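# Close look at the chain arrangement
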Amino acid sequence: STPLKVSVGTVGFNLLLNVALIWPLGAAGLAWSTAISAVVQVVALLLLIRRRVPHPVDRYVLTGWLRTALLSAAMAAALLPFVLTFDLSRTPFATTAAAVLGLVLLGMAVVLGGAWLSGAEELAWLSNIIAPSRVAAAS
């Protein structure tokens, strides 16, 4: 199918970018190549879906994108003080692992809490994936 072909092409593009960017940018080059490849994939899929759906980006999609951007900013604001305060490069592995786990859990709590407070429809989708029988029974 077309999305699979786009995904495979994007993986190849990502590998090429990895090789091109790892030398000048180090590990950051891998992050940049992944981000660039993701943007290329989204744009390619949007252009292709327009053949079948005239306006794939409607008010609901834009609202979802805005909510995601705001929740990402809230998560960054919550995590930034910890990231700037603690230098984990000189701590034992177990301490670093525990700190990273704690930061991940805090980030998840901020995003999930914000999604719940804003009434994000995606939470119902997530509930259906986690416990489909409960959601179906509640309907």
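Structure: see above.
This write-up is about the structure you can find in this document.

Thresholds, definitions, all that
Residues numbered from 1 in each chain as written. Predicted model: local features only at pLDDT ≥ 70, side-chain atom pairs only at ≥ 80, totals over all residues. Heavy atoms only, no water. Helix = DSSP H or I, 4+ residues; strand = E, 2+ residues; numbered from the N terminus. Contact = heavy atoms within 4.5 Å. Expected span 1.5 Å × (residues − 1). Bend = angle between axes of the 7 residues up to and from the residue. Buried < 20%, exposed > 50% of the residue type's maximum accessible area, 1.4 Å probe, protein only. Polar contact = N/O pair within 3.5 Å; in protein donor to acceptor, adjacent residues only side chain to side chain. Axes fitted to C-alpha atoms, helices over the stretch in contact; angles between N-to-C directions. Parallel < 35°, antiparallel > 145°, perpendicular 65-115°, else oblique. Left-handed = near helix turned anticlockwise from the far one by under 90°. Nonpolar A, V, L, I, M, F, W, Y, C, P; charged D, E, K, R; others polar. Salt bridge = Lys/Arg side-chain N within 4 Å of Asp/Glu carboxyl O.

A few words on the environment of Leu17. Here Leu17 is to be found in helix H1 (residues 2-25). Put simply, Leu17 and Ser37 are 20 residues apart on the chain and 8.2 Å apart in space, counted from C-alpha to C-alpha. Apart from the residues lying within four places of it in its own chain, the contact partners of Leu17 are Ile22, Ser33, Ile36 and Ser37.

Right, let's talk about helix H3 (residues 59-85) for a bit. For H3, built from 27 residues, the straight-helix expectation of 39 Å at 1.5 Å per residue is met to within 8% by its first-to-last C-alpha distance of 40 Å. In the structure, H3 departs most strongly from a straight axis at Leu79, where the bend amounts to approximately 35 degrees and where the proline Pro81 lies between one and four residues downstream. What H3 keeps buried is the set Gly64, Leu71 and Leu79. Of the surrounding elements, those touching the buried residues of H3 are helix H4 (93-117). Of the residues flanking the start of H3, the one acting as N-cap is Asp58, its side-chain oxygen 3.2 Å from the backbone nitrogen of Tyr60.

The description of two helices packed together rests on the angle between their axes and the distance between the axes. As a packed pair, H1 and helix H2 (residues 27-49) sit with axes 8 Å apart at the nearest point and diverge in direction by 155 degrees. Comparing their axes, H2 and H1 come out roughly antiparallel. The handedness of the crossing between H1 and H2 is right-handed. Split by residue class, the contact of H1 with H2 holds 16 nonpolar, ten polar and no charged.

It is worth spelling out the pattern of salt bridges at this point. Considering all chains together, one arrives at two salt bridges under this definition. Here Glu122 makes a salt bridge to Arg67, at a shortest N to O gap of 3.8 Å. Linking Glu122 in helix H5 (residues 122-130) with Arg67 in helix H3, this pair joins segments that are 55 residues apart in sequence. As a salt-bridge pair, Asp87 and Arg90 come within 3.8 Å of each other at their nearest N and O atoms.

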